[in-house]
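Tertiary structure, described
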Amino acid sequence: MTENDQLKQDLDYIATAVRRRDRPAGVPAIFFLWAAIIAVGFPLVDFGQHLPRIFGAYWLVAGFGGGALSWWLGERDARRSGINDRELGRRYGLHWGIGGLAYLLTMLPLLLERVPPRQGGAGFLFTTGLLYALAGVHLERSLLWAGLLMLAAYALLTAFALPYTWTIAGVVIAVALAWAGLAARRARTQGGRA
Amino acid sequence: MKQAFTGFDPAFEHRARLAIAVLLARHGEVSFAGFKQQLDLTDGNLGAQLRRLEDEGYVELRRDFVERKPVTWYRLTAQGNDALKRHLAALQQLIGAG
């Protein structure tokens with residue numbers, strides 16, 4: 001074997017090792033957690049009109065608690081997988097931090113009463129779809145299709161002015177997240193703990 | 001041929017050691033188990049390669065517990081980072097010349 005062949009083999013070996021972690025598959029438990037939180041929380045607007053306090057309290061606890069639990073699950077997963085990538089952690093933090101800001105801005109027309117509460121669900125579906133599709137491009141590929149599904153559902157919801165927008169939005173997001181969780185779990189089983 | 005170029009570091013001439021350094025430069029901190037999974041090496045071989053880099057002063061380690069099990073984390077030192085950059089520049093030069 002020539003020195004060039006040896007060098008090529010060595011570089012192939014290194015490239016393969018690096019690519020194994022190129023696109024992390026994500027933490028399935030986080031997807032399932034948010035699928036459950038949203039599946040319960042969104043329909044509260046359509047069906048819990050007599051219980052606005054419960055809706056507010058639910059999202060106060062589930063929003064902050066879910067965020068903290070997601071952070072803990074991500075941290076635990078990184079420690080278990082044996083790769084503590086702070087740069088990647090910063091990217092995740094920035095993406096979901098901007099996502100939190102986007103949710104607040106999506107809520108703004110509702111808070112200012114420019115949009116009837118019943119129609120606000122579609123806006124959240126759009127924001128969530130965009131956030132997940134972009135996360136699929138930049139962070140975890142399994143989120144791309146879930147994001148695109150949400151955007152397609154947003155288009156249908158808006159075009160046909162369907163009733164129960166919050167419930168439909170919640171169900172679509174929950175199904176998309178559960179799908180992403182299953183895809184992440186399958187990717188991990190196939191490629192080790194990616 | 002390699003000797004004709006400056007910057008090659010004998011510590012990185014073994015592909016496993018170069019891969020360890022590249023993974024550390026990319027991810028920050030990697031545990032022994034993390035390397036095992038990424039590099040498909042035996043415990044003995046991986047331990048020997050990591051020790052060599054540690055002896056050179058290119059990596060430093062931190063001991064921790066994950067779910068009550070001891071875990072050793074490795075990271076590249078500033079000296080290791082500089083040496084890796086020099087070595088990769090020399091490799092580029094070699095590939096460019098080929």
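Residues numbered from 1 in each chain as written. Chains lettered and ligands numbered in written order. Predicted model: local features only at pLDDT ≥ 70, side-chain atom pairs only at ≥ 80, totals over all residues.

What follows covers the overall build of chain A. Each helix and strand counted, chain A has eight helices and one strand in total. For chain A, the α and β elements follow one another from N to C terminus as α-α-α-α-β-α-α-α-α. C-alpha extents for chain A along the principal axes are approximately 75 × 35 × 25 Å. For chain A, the proportion of its 194 residues judged to be buried stands at 29%. Within chain A, contacts between residues at least 6 apart in sequence are counted, and of these 70% link residues at least 24 apart. (Helix = DSSP H or I, 4+ residues; strand = E, 2+ residues; numbered from the N terminus. Buried ≥ 20, exposed ≤ 12 C-beta atoms within 10 Å, placed from the backbone. Contact = placed C-beta atoms within 7 Å.)

Helix and strand content of chain B: four helices and three strands. Listing every helix and strand of chain B by position from the N terminus yields α-β-α-α-β-β-α. In terms of principal-axis extent, the alpha carbons of chain B reach across some 50 × 25 × 20 Å. The buried share of chain B, reckoned over its 98 residues, is 30%. Intrachain contacts of chain B at a sequence separation of at least 6 include 59% that bridge at least 24 residues.

The strand order across the open sheet formed by four strands is E1(A)-E1(B)-E3(B)-E2(B), and the pairing between neighbours is antiparallel. Pairing within the sheet leaves two strands with one partner each, and these edge strands are strand E1 (83-85) of chain A together with strand E2 (59-66) of chain B. Mean inter-strand twist for the sheet, computed between neighbouring axes without regard to direction, equals 25 degrees. As judged from the three bridges shared by E1(A) and strand E1 (residues 28-31) of chain B, these two strands associate in the antiparallel manner. By the bridge assignment, Ile83(A) is partnered in E1(B) with Val30(B). (Pairing = 2+ DSSP bridges. Axes fitted to C-alpha atoms, helices over the stretch in contact; angles between N-to-C directions.)

Let's shift gears to the confidence of the model for chain B. Residue and element names in this part refer to chain B. This prediction gives chain B a mean pLDDT of 88; 94% of its residues lie at or above 70. Per-element confidence in chain B ranges from a low mean pLDDT of 88 for helix H4 (residues 78-97) to a high of 94 for helix H3 (residues 43-55). What the predictor reports for the complex is a pTM of 0.74 with an ipTM of 0.73. (pLDDT = per-residue confidence, 0-100.)

Attention now moves to helix H5 (residues 86-111) of chain A. Residue and element names in this part refer to chain A. Between the first and last C-alpha of H5 there are 36 Å, a value that for 26 residues agrees with the 38 Å anticipated at 1.5 Å per step. Counted residue by residue, H5 has zero buried out of 26 residues, so it is predominantly exposed. At the exit of H5 stands Glu-113, carrying a positive phi of roughly 60 degrees. (Expected span 1.5 Å × (residues − 1).)

It is worth spelling out the nonpolar core at this point. Core analysis: the largest hydrophobic core is formed by 35 residues, its most contacted members being Leu125(A), Met150(A), Ala169(A), Val172(A), Ile173(A), Leu177(A) and Ala180(A). A total of 12 residues in this core trace back to one element, the largest contributor, which is helix H8 (residues 165-190) of chain A. With sequence-adjacent residues up to four places away left out, Leu177(A) is seen in contact with Phe31(A), Trp34(A), Ala35(A) and Ala146(A). If you look at the next biggest cluster of nonpolar residues, it comprises 24 residues, including Ala17(A), Leu39(B), Leu50(B) and Leu76(B). (Core = buried A, V, L, I, M, F, W, Y, C linked by C-beta atoms within 7 Å.)

What follows deals with the environment of Ala184(A). All names here are of chain A. Mapped onto the fold, Ala-184 is located in helix H8. C-alpha separation for the pair Ala-184 and Arg-141, spaced 43 residues apart in sequence, amounts to 8.9 Å. Apart from the residues lying within four places of it in its own chain, the contact partners of Ala-184 are Ala-25, Gly-26, Pro-28, Phe-31 and Ser-142.

Now for the pairing of E1(B). Across three bridges, the pairing between E1(B) and strand E3 (residues 69-76) of chain B is antiparallel. Bridge pairing in E3(B) places Glu29(B) opposite Arg75(B).

All names here are of chain B. Pairing between E2 and E3: eight bridges, direction antiparallel. Looking at the pairing, Asp-64 lines up with Val-71 of E3. Linking E2 to E3, which pair antiparallel, is a turn of two residues; within it Glu-67 sits at a positive phi near 50 degrees.

What follows concerns the interface of chain A and chain B. Between chain A and chain B, the contact holds 20 residues from the first and 21 residues from the second. Elements represented by at least two residues in the side of chain A that touches chain B include exactly helix H1 (3-19), helix H4 (52-81), E1 and H5 of chain A. A total of seven residues in the side of chain A that touches chain B trace back to one element, the largest contributor, which is H1(A). In the side of chain A that touches chain B, the residues fall into five nonpolar, five polar and 10 charged. (Nonpolar A, V, L, I, M, F, W, Y, C, P; charged D, E, K, R; others polar.)

Residues and elements named next belong to chain B. Over its 20 residues, H4 runs 29 Å from end to end, which matches the ideal 28 Å to within 8%, given 1.5 Å per residue. Those residues of H4 that fall on the buried side of the exposure criterion are Gly-80, Ala-83, Leu-84 and His-87. Looking straight down H4, one finds its buried side chains confined to an arc of 100 degrees; they lie on one side. Residues Ala-78, Asp-82, Lys-85, Gln-92, Gly-96 and Ala-97 are exposed on H4 and point more than 90 degrees away from its buried face. Those residues of H4 hidden inside the fold are in contact with helix H1 (15-27), H3, E2 and E3. (Arc of directions from axis to C-beta.)

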